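# Residue-level structure breakdown
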Amino acid sequence: MTASKPGRIAVVGSNMVDLVTYITRMPAPGETIEAPDFEIGCGGKGANQAVAAAKLGSAVSMVTKVGDDIFGENTRRNLAQHGIDIRHVETVAGKSSGVAPIFVEASGENSILIVKGANADLLPADVDTAEETLRAADLILMQMEVPRETVIHTVRRAAEWGVRTILNPAPAAADLNVDDLRDLSFLVPNESELALISGLPTGSEEEIAAAALSLIERGIGTVIVTLGGRGARLVTRAGVVPIAPVRVTPVDTTGAGDAFIGAFAHFLAATGEVEGALAHAARYAAHSVTGRGTQKSYATPEAFEAFCRALPPSA
Ligand code: RIB
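This structure is a prediction, so every number in the text was calculated from the model and none was measured.

## Comments concerning the overall build of the chain
Looking only at helices and strands, one finds ten helices and 13 strands in the chain. Taking 315 residues into account, the globule formula puts the C-alpha radius of gyration at 20 Å, and the chain, at 18 Å, falls close to it. Along the longest, intermediate and shortest principal axes, the C-alpha atoms of the chain span 50 × 45 × 40 Å. When the 315 residues of the chain are sorted by exposure, 51% land in the buried category. Here the contacts in the chain between residues at least 6 apart in sequence split such that 68% fall between residues at least 24 apart. Roughly 13000 Å² of accessible area belongs to the chain as shown, and the carbon and sulfur atoms make up 54% of that amount. Charge separation in the chain, taken as the distance between the mean sites of 26 positive and 37 negative side-chain charges, equals 3 Å.

## A short note on the pairing of strand 11 (residues 222–226)
Counting buried residues in strand 11 gives four out of five residues, a clear majority hidden from the surface. Two elements, strand 10 (residues 186–187) and strand 11, share two bridges in a ladder whose sense is parallel. Looking at the pairing, Phe186 lines up with Thr222 of strand 11. Here four bridges tie strand 11 to strand 12 (residues 232–236), and the two strands are oriented antiparallel to one another. The residue of strand 12 that forms the bridge with Thr226 is Ala232. Linking strand 11 back to strand 12 in an antiparallel pair, the connection comprises five residues, with Gly228 at a positive phi of about 55 degrees.

## Things to note about the UniProt feature "site: Important for substrate specificity" (unreviewed entry) in the chain
Here, the residues flagged by UniProt with the feature "site: Important for substrate specificity" (unreviewed entry) are Met16. By the secondary structure assignment, Met16 is in strand 2 (residues 16–22). If we skip the residues at most four places from it in the chain, Met16 touches Gly41, Cys42, Gly43, Gly44, Gly98, Val99, Ala100, Ile114, Val115, Lys116, Asn119 and Glu145.

## Observations regarding the sheet that holds strand 2
Strand order across the open sheet formed by four strands is 3-2-6-7, with mixed pairing between neighbours. At either margin of the open sheet sits one strand with a lone partner, and together these are strand 3 (37–43) and strand 7 (110–112). The mean inter-strand angle of the sheet, taken between neighbouring strand axes irrespective of direction, is 25 degrees. Note: strand 2 against strand 3, seven bridges, orientation antiparallel. Within strand 3, the position partnered with Val20 by the bridge is Glu39.

## Here we look at the side chain of Gln295
With respect to the helices and strands, the residue Gln295 is situated in the loop between helix 9 (274–288) and helix 10 (301–310). Of the residues examined, Gln295 reaches a relative accessible area of 3% and is grouped as buried. One polar contact links the side chain of Gln295 to the main-chain carbonyl oxygen of Cys42, over a distance of 3.3 Å. Among the polar contacts made by the side chain of Gln295, one reaches the side chain of Asn78 at a distance of 2.9 Å. Discounting residues that sit within four places of it in the chain, Gln295 has contacts with Cys42, Gly43, Ala47, Asn48, Val51, Lys55, Asn78 and His82.

## Side note on unusual backbone geometry
A cis geometry characterises the amide bond from Ala170 onward to Pro171, with omega recorded as -5 degrees. Position of Pro171 among the secondary structure elements: in the loop between strand 9 (164–167) and strand 10.

## What to know about the environment of Tyr298
Relative to the assigned elements, Tyr298 resides in the loop between helix 9 and helix 10. A relative accessible area of 3% places Tyr298 in the buried class. Leaving out residues up to four positions away in the same chain, Tyr298 has contacts with Asn48, Val51, Ala52, Lys55, Gly255, Asp258, Ala259, Tyr284 and Ser288.

## Side note on the nonpolar core
Counting 47 residues, the largest nonpolar core has Ile166, Phe260, Phe264 and Tyr284 as its most contacted members. Breaking this core down by element, the ones donating at least two residues are strand 1 (8–12), helix 1 (45–56), strand 4 (59–67), strand 8 (139–142), strand 12, helix 8 (256–271), helix 9 and helix 10. The biggest single contributor to this core is helix 8, with nine residues. The contact partners of Phe264, leaving out residues within four places of it in the chain, are Ile166, Phe186, Ile224, Val274, Ala277, Leu278 and Ala281.

What counts and what doesn't
Residues numbered from 1 in each chain as written. Predicted model: local features only at pLDDT ≥ 70, side-chain atom pairs only at ≥ 80, totals over all residues. Heavy atoms only, no water. Helix = DSSP H or I, 4+ residues; strand = E, 2+ residues; numbered from the N terminus. Rg over C-alpha atoms; globule rule 2.2 N^0.38 Å. Buried < 20%, exposed > 50% of the residue type's maximum accessible area, 1.4 Å probe, protein only. Contact = heavy atoms within 4.5 Å. Areas by Shrake-Rupley, 256 points an atom, 1.4 Å probe, with all protein chains shown as cover. Lys, Arg positive; Asp, Glu negative; His and termini not counted. Charge placed at Lys NZ, Arg CZ, Asp CG, Glu CD. Pairing = 2+ DSSP bridges. UniProt positions renumbered as here; feature names shortened; annotations may be inferred. Axes fitted to C-alpha atoms, helices over the stretch in contact; angles between N-to-C directions. Polar contact = N/O pair within 3.5 Å; in protein donor to acceptor, adjacent residues only side chain to side chain. Core = buried A, V, L, I, M, F, W, Y, C linked by side-chain atoms within 4.5 Å.

Next up, the structure:
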């Protein structure tokens, strides 16, 4: 399972400080209730994906922006401690860092608010500044917690450089124009993001396949639809390949999608094999929901191997 040759991954994306409250239920409007627990952690979809890939052994660079507050310094330190190249982590004067108040229910299900803060200042010019680092990468990862024009610019520049790209279109936006993503190698939406982006229903397996194919017809290379407890679907012009779910008892599902994408990028860059990388990613994400928090629930290669050894042979 260990990757043969670790790859180089670059992330053009967000970082946040996660303010995680563990709740028994959400308060009604105007109501105050007590919650049993609170934790603060490093998060943000971009940073989470970067940390997952780095923990697994990829060489990771991050292009992002933090605020000039204590959170910004902490984020910078956290990325560096994970061995991530932070030469393109810039501090924005007068801006707060991104923060994410998160509510986790006893079932492990989560609800998230994001305040972009300095992430909103990551612009196409910053991608150009980081060109040397980005064009040396095997894969560039993106999400939608930074300005859309930065994502579109990165997809276009990466295509010119011949670097493959992965976009996790979260948070989803209905007005995202797929034609702007024509050069994208991999789109990794969940069901609702796929429905929003394609404008098509995703209520059944057939509808999911048709919606994903409609995006491929418009120029996206491959669509990987994540379905939570139902696994994932790899959709190409050749058809749909189901990626089996890995069943665990969830403690906290926050950041599981990011664990999946970071691990997918790691194993894809290392092995060049999409289906195998997705199967590893499904296991890595399953492991992450068995612990609290986002990045801190991501396994080291040793912990991941032990988790996989303990799974039933079919998983
Ligand atoms: O995907 C989980 C992440 O979403 C959290 O870490 C939070 O920061 C938000 O970006």
